[in-house]
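Architecture and fold: a report
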Amino acid sequence: MNASEPPMPLLEHLPTLQSCDRLSLSKGDVIIHAPGFEDRTMAVASTVEPAIGVRAILLDYIPFSPENRLPELQRALLAAGIEIEDGDILKYNRFEPDNFEERLRARLIAQSARRAVVDISSMSKLAIMLVLNVCRHLDLEVRVIYAEAQTYRPSQGEFEQAKSRDEIHQPTLQVFTGVYGVVRVDSLASVSMQGQPTAAIVFMSFNDILTQALLNTVYPGRLFLINGQPPLHSWREAATAWIHDQVRREWEEDNPVFPVGDGGLAMPKRIVSTLNYQETVVLLIQLYWQLSANHRLLLAPSGSKMQAVGCYLVKALHPDIHIEYPSPEGFLPEYSTGIASRWLLDLGQLSNRLAALADAERREFLEIPTGPE
């Protein structure tokens, strides 16, 4: 299943990504950012053009990592004229984030926020979903900004070398320092369809151990893997397919592939862009209507950051979807380098956006088309 051609009723309400080298801000805007160790964590400081009354909220990751560049980014934003008080630094426990939403909500209210500018460039995928959830409940306007890296690990050479040795768990393909386990948060959980067979929808990554950790925790009856297609570095699509090939074979009936020749790599048919979140939204909605009548739906946002944005929109549309996040312990220091393209996704008033999407979805999947009499 390929979501490259989204149904028009949905597409009309899914704004496209825009190139964004500079972004003008105004009073009432609040930047929400999670400083990490990557170079692109600093991109926001040279992207935004602040005005008087622009504030920022910075997430301070726990467990603490000395490589994270929170102090450096804080200084850069202050120098650019963005207000940051001591209370604007919020601890974010990546493994136990349950009270984070309450603290973020309180801070946004205290700041009289009108619009949230959410920089997801170095934000945890679960944190992305939690931040967007708070913004929706506060009825804020939302802009998502995202900076790509110039280079990512592993390199194509490392992949080809590991593949030639047929070592699926070759260390050069590991971009994580380990796997913590599966994290769940009450606000993204669901008890709907308890007792029904579980269908797990999982985004592929460079570590199938994350997928195995999820499977060993939830024991689904069906597994639907989604591969990612980067706009650049197209070899990475084949790499994630290769890494997950054994898992896919174990769940072959639900994970079709394109025909391959002798010795060729089986490429999954279920694929969405790692950057274009629209494809994620459309495919997940299609799977929802295919599966939800008879299955408890579990979604693991373990792919790209923009895919996580798409995951949140679909979760917000369908509260009966249950979110489980297989979480890495940490990342290798050379995970990515440099700053490449910068993007803006203007979602507007998030609650209004979701209402329009829900209406389009009803027309697409529930209304019976009528022909001429």
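A short note on the nonpolar core
- Core analysis: the largest hydrophobic core is formed by 75 residues, its most contacted members being Ile-32, Leu-104, Leu-108, Met-123 and Met-306.
- Not counting chain neighbours up to four residues away, the residues in contact with Ile-32 comprise Ile-57, Leu-59, Leu-104, Leu-108, Ala-116, Val-117, Val-118, Asp-119, Met-123, Val-131 and Cys-135.
- Within the second largest apolar cluster, 17 residues are counted, among which are Cys-20, Ile-31, Ala-56 and Ile-82.

Here's the deal with the side chain of Thr-41
- The topology assignment puts Thr-41 in the loop between β3 (29-33) and α2 (43-47).
- At 2.7 Å, the side chain of Thr-41 and the side chain of Ser-122 are in polar contact.
- The residues touching Thr-41, leaving out its near neighbours within four places in the chain, are His-33, Ala-34, Pro-35, Gly-36, Arg-69, Leu-73 and Ser-122.

Remarks on the pairing of strand β8 (residues 141-147)
- Most of β8 is tucked away: six of the seven residues are buried.
- With five bridges connecting them, strand β7 (residues 115-119) and β8 associate as parallel partners. Bridging from a neighbouring strand, Arg-115 pairs with Glu-141 of β8.
- Following the chain from β7 across helix α5 (residues 125-137) to the adjacent parallel β8, one finds a crossover that is right-handed.

Description of unusual backbone geometry
- Note the cis peptide between Ile-62 and Pro-63, where omega equals 0 degrees.
- For Asp-139, which is not glycine, the phi torsion reads 60 degrees and is therefore positive.
- Considering the arrangement of structural elements, one finds Asp-139 in the loop between α5 and β8.
- The class for Asp-139 is partly exposed, based on a relative accessible area of 39%.
- One non-glycine residue, His-233, adopts positive backbone phi at about 55 degrees.
- Note on placement: His-233 falls in the loop between β12 (222-229) and α8 (235-243).
- For His-233, a relative accessible area of 34% corresponds to the partly exposed category.

Some remarks on the sheet that holds β7
- Strand order across the open sheet formed by seven strands is β1-β18-β8-β7-β3-β5-β6, with mixed pairing between neighbours. The two strands at the open ends of the sheet, each matched to only one other strand, are β1 (18-19) and β6 (89-93).
- Contacts from helix α12 (residues 350-365) reach β8 and β18 (342-349), with the element oriented near 80 degrees to β18.

Regarding the sheet that holds strand β13 (residues 271-273)
- Strand order across the open sheet formed by five strands is β13-β12-β11-β14-β15, with parallel pairing between neighbours. The sheet is open, and its two edges are formed by β13 and β15 (322-323), each paired on a single side.
- Judged from the three bridges that link them, β12 and β13 form a sheet pairing that is parallel. Bridge pairing in β13 places Gln-229 opposite Ser-273.
- α8 contacts β12 and β13 of the sheet and is inclined by roughly 155 degrees relative to β12.

Examining the environment of Ser-24
- Tracing the backbone shows Ser-24 in strand β2 (residues 23-24).
- A residue is classified by how much of its surface remains accessible, and Ser-24, at 46% relative accessible area, is partly exposed.
- Spatially, the C-alpha atoms of Ser-24 and Glu-49 are 4.6 Å apart, while their sequence positions differ by 25 residues.
- If we ignore the near neighbours within four places in the chain, the residues touching Ser-24 are Glu-49 and Arg-143.
- Polar side-chain contacts of Ser-24 include one of 3.1 Å to the side chain of Glu-49.

Conventions adopted
Residues numbered from 1 in each chain as written. Predicted model: local features only at pLDDT ≥ 70, side-chain atom pairs only at ≥ 80, totals over all residues. Heavy atoms only, no water. Core = buried A, V, L, I, M, F, W, Y, C linked by side-chain atoms within 4.5 Å. Buried < 20%, exposed > 50% of the residue type's maximum accessible area, 1.4 Å probe, protein only. Contact = heavy atoms within 4.5 Å. Helix = DSSP H or I, 4+ residues; strand = E, 2+ residues; numbered from the N terminus. Polar contact = N/O pair within 3.5 Å; in protein donor to acceptor, adjacent residues only side chain to side chain. Pairing = 2+ DSSP bridges. Right-handed = clockwise from strand over helix to strand, strands pointing away. Axes fitted to C-alpha atoms, helices over the stretch in contact; angles between N-to-C directions.

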